[in-house]
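Overview (structure and organization)
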Amino acid sequence: MSRVIDHPILGRMPEKRKVTICVDGRQVQAFEGEPIAAALIAAGIHICRFTTKRNEPRGLYCAIGQCTDCVMTVDGAPNIRTCITPVRNNLKVETQIGVGQWRDATCKKQTSQ
Ligand code: FES
């Protein structure tokens, strides 16, 4: 997990509770209350969705909830802006294809082969 913990201007980040979220079947460590997109970037995940017409990857762009490039399927609900949606424990996050579709929110652990 790569994060700025001690910022030169903002100072040291306050301690937050660590939780686990499930991203495309993979367990990812996050801090409760941080934006989902922040947790994804800290885990090295930069693609949130693929466009409808050209199947092009999209990720964090404006980071203030205005562009919808960061939308993903969260707990089974499509088109959730991950840059402004806070993390909570056991959240299920999925890369969205096109306009997305409603899904089962159960997180299945990825098994290693
Ligand atoms: S990055 Fe623009 S809405 Fe999330």
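No experiment lies behind these values; they were computed from the predicted model shown.

Concerning the pairing of strand 8 (residues 77–81)
For strand 7 (residues 71–74) and strand 8, the ladder comprises three bridges, and the chain directions are antiparallel. Of the residues in strand 8, the one forming a bridge with Met72 is Ile80.

Some words on the nonpolar core
Within the largest apolar cluster, 18 residues are counted, with the highest numbers of intra-cluster contacts made by Ile21, Val23, Ile36, Ala39, Val87 and Val93. Of all the elements in the fold, those that place two or more residues in this core are strand 3 (18–23), strand 4 (26–31), helix 1 (36–42) and strand 7. Setting aside chain neighbours within four positions, we find Val23 in contact with Val28, Leu40, Ile45 and Val93.

Topic: unusual backbone geometry
Non-glycine residue Thr68 carries a positive phi angle of around 65°. As for its placement among the helices and strands, Thr68 is situated in the loop between strand 6 (57–58) and strand 7. Overall, Thr68 belongs to the partly exposed group, with 14 C-beta atoms counted inside 10 Å. Although it is not a glycine, Asp75 sits at a positive phi angle of roughly 50°. Relative to the helices and strands, Asp75 resides in the loop between strand 7 and strand 8. Look at Asp75 and you get partly exposed, because 18 C-beta atoms sit within 10 Å.

Quick word on the sheet that holds strand 9 (residues 92–94)
With mixed pairing, the five strands of this open sheet are ordered in space as 4-3-9-7-8. A strand with exactly one partner marks an edge of an open sheet, and here the two such strands are strand 4 and strand 8. Ignoring strand direction, the axes of neighbouring strands in this sheet form an average angle of 40°. Relative to strand 9, strand 3 runs parallel, the two being bridged by two bridges.

Overview of the sheet that holds strand 6
If you trace the three strands from one edge of the open sheet to the other, you get 6-5-10, paired in mixed fashion. With partners counted over all chains shown, the strands left at the sheet margins are strand 6 and strand 10 (96–97), one partner each. As paired strands, strand 5 (residues 49–50) and strand 10 are joined by two bridges and run parallel to one another. Within strand 10, the position partnered with Arg49 by the bridge is Gln96.

So, how was this worked out
- Along every chain, residues carry numbers that run from 1 in the direction the sequence is written.
- Note on the predicted model: pLDDT of at least 70 is required for a residue's local features to be given, and 80 or more for side-chain atom pairs to be given and counted; whole-chain, interface and lining totals, by contrast, use all residues.
- Strand pairing is defined by DSSP finding a minimum of two bridges between the two strands.
- Only DSSP runs of H or I covering at least 4 residues are called helices, and only runs of E covering at least 2 are called strands; the numbering of each starts at the N terminus.
- Each nonpolar core comprises buried Ala, Val, Leu, Ile, Met, Phe, Trp, Tyr and Cys residues, the members being joined through C-beta atoms within 7 Å.
- Any residue whose C-beta has 12 or fewer other C-beta atoms within 10 Å is treated as exposed, any with 20 or more as buried, and any in between as partly exposed, C-beta atoms being built from the backbone.
- For every residue pair, C-beta atoms are placed from the backbone, and the pair is scored as a contact if these atoms sit within 7 Å.
- To get an axis, a line is fitted to the C-alpha atoms, and for a helix only the part in contact is used. The angle between two axes follows their N-to-C directions and goes from 0 to 180 degrees.

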